[in-house]
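# Working through the structure, step by step
If you want the building blocks of each chain, they are given just below.
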Amino acid sequence: MLLASALVAALVTGGCSFTPPRDGAAAPPSEFTFVAPGGKTRLTYDPPETRGTVRGLAGEDLADASRRLALDDFAGRVVVLNIWGSWCGPCRDEVPDLQEVYRSTRDDGVTVLGVAVRDDRDAARDFLRSRDVEYPSILDPPARSLAALRGFPPNVVPSTLVLDRGHRVAAVFLGTVRISELLPVVERIAAEPAPVAAGGQR
């Protein structure tokens, strides 16, 4: 507990923070479980077979309150998962870079999926509209959807995770990320072979 608290304290320097609900359920070994990285804010998980899978991440579609948006909607695609809020200054700085990553890699099977936390629909929509953001976002004020990222500190906003085509976590950026460091990682992950599923199917 002390280690987790120290990590959060060290990370919020580069972002905004709040306290979300906790999920103490244990995760099977194949599922992604975040381990405190000893002060590091840039993490990669290689080789691919060592990566943990994110399962069950879903929430209300920011653009359409009647629709549910889920990570599973992007099966077979690399997903750049960005945790953000319209109230967060560093999020304003990084969103143009995320939009450019989306535009330049979507034809290669990449998407960006936002998760707007501690936000309201109108403020979040206005934030994205004013910046011509095209990629989708989940609206999740209490950050309940992020329980799928077991052990991850969702009070560090912004944060970005790059998931490979099997939705295994390949990289984590805690705090603001720039296109110069994000794009090469996304391109590398997009170039990897799709993981072999159970039964030998890709």
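The structure presented is a predicted model; accordingly, all values stated were derived computationally and were not measured. (Residues numbered from 1 in each chain as written. Predicted model: local features only at pLDDT ≥ 70, side-chain atom pairs only at ≥ 80, totals over all residues. Heavy atoms only, no water.)

### So, the overall build of the chain
Where we set the bar: Helix and strand labels come from DSSP, where a helix needs a run of H or I of at least four residues and a strand needs a run of E of at least two; each type is numbered from the N terminus. We call a residue buried when its accessible area falls under 20% of the maximum for its residue type, exposed when it is over 50%, and partly exposed in between, using a 1.4 Å probe and counting protein chains only. By definition, residues are in contact when any of their heavy atoms lie within 4.5 Å. In this description, accessible areas are obtained by the Shrake-Rupley approach with a 1.4 Å probe, and a residue is regarded as covered only by the protein chains that are shown.
When you go through the chain residue by residue, the secondary structure sums to four helices and eight strands. Listing every helix and strand of the chain by position from the N terminus yields α-β-β-β-β-α-β-α-β-β-β-α. Within the chain, the proportion of its 202 residues that are buried is 50%. Here the contacts in the chain between residues at least 6 apart in sequence split such that 75% fall between residues at least 24 apart. As presented, the chain carries roughly 9,400 Å² of accessible surface, and 51% of it is formed by carbon and sulfur atoms.

### Topic: the nonpolar core
Worth spelling out the cut-off: For this analysis, a nonpolar core means a set of buried residues of the types Ala, Val, Leu, Ile, Met, Phe, Trp, Tyr and Cys, connected via side-chain atoms within 4.5 Å.
Grouped together as the largest cluster of nonpolar side chains are 56 residues, with contacts concentrated most on Val54, Leu57, Leu149, Leu161, Val162 and Leu182. Elements supplying a minimum of two residues to this core: strand S4 (78–84), helix H2 (89–105), strand S5 (110–116), helix H3 (121–130), strand S6 (137–139), strand S7 (159–163), strand S8 (169–174) and helix H4 (179–190). Beyond its immediate stretch of four places on either side in the chain, Leu182 contacts Val80, Leu98, Val101, Thr160, Val162, Phe173 and Val177.

### Here we look at the environment of Asp120
Test applied: Here a polar contact is taken to be a pair of N or O atoms separated by no more than 3.5 Å, where protein atoms must pair a possible hydrogen donor with a possible acceptor and residues adjacent in sequence count only if both atoms sit in side chains.
Of note, Asp120 is situated in the loop between S5 and H3. Of the residues examined, Asp120 reaches a relative accessible area of 42% and is grouped as partly exposed. For the pair formed by Asp120 and Ser86, sequence separation is 34 residues and the distance between their alpha carbons is 8.7 Å. Within the local environment of Asp120, its side chain forms a polar contact with the backbone nitrogen of Asp122, the two atoms lying 3.2 Å apart.

### Considerations on the pattern of salt bridges
Under the convention used in this document: Think of a salt bridge as a Lys or Arg side-chain nitrogen and an Asp or Glu carboxyl oxygen that are within 4 Å of each other.
Tallying each qualifying case throughout the model produces 15 salt bridges. Measuring nitrogen to oxygen at the nearest pair gives 3.0 Å for the salt bridge that ties Glu31 to Arg150. Remark: Arg150 occurs in the loop between S6 and S7 and Glu31 occurs in the loop between helix H1 (2–11) and strand S1 (42–44); sequence separation between them is 119 residues. Residue classification places Glu31 among the buried positions, given a relative accessible area of 16%. Linking Arg42 and Glu181 is a salt bridge whose minimum nitrogen-to-oxygen distance equals 3.0 Å.

### A closer look at the sheet that holds S7
The criterion, for reference: Two strands form a pair only when DSSP identifies at least two bridges running between them. Throughout, an axis means a line fitted to C-alpha atoms (over the contacting stretch in the case of helices), and angles, computed between N-to-C directions, take values from 0 to 180 degrees.
Here eight strands make up an open sheet; going across it, the order is S1-S8-S7-S4-S5-S6-S2-S3 and the pairing mixed. Both edges of this open sheet fall to S1 and strand S3 (64–70), since each of them pairs with a single strand only. Strand-to-strand twist in this sheet, taken as the mean axis angle between neighbours without regard to direction, amounts to 25°. Note that S5 and S6 share three bridges and pair parallel.

### Looking at the pairing of strand S2 (residues 58–61)
The pairing of S2 with S3 spans four bridges and is antiparallel. Bridge pairing in S3 links Ala58 to Ala70. Adjacent in sequence and paired antiparallel, S2 and S3 are bridged by two residues. Here S2 pairs with S6 via two bridges, running antiparallel. Directly across from Asp61, in S6, lies its bridge partner Ile138.

Just distances and angles here, no functional claims.
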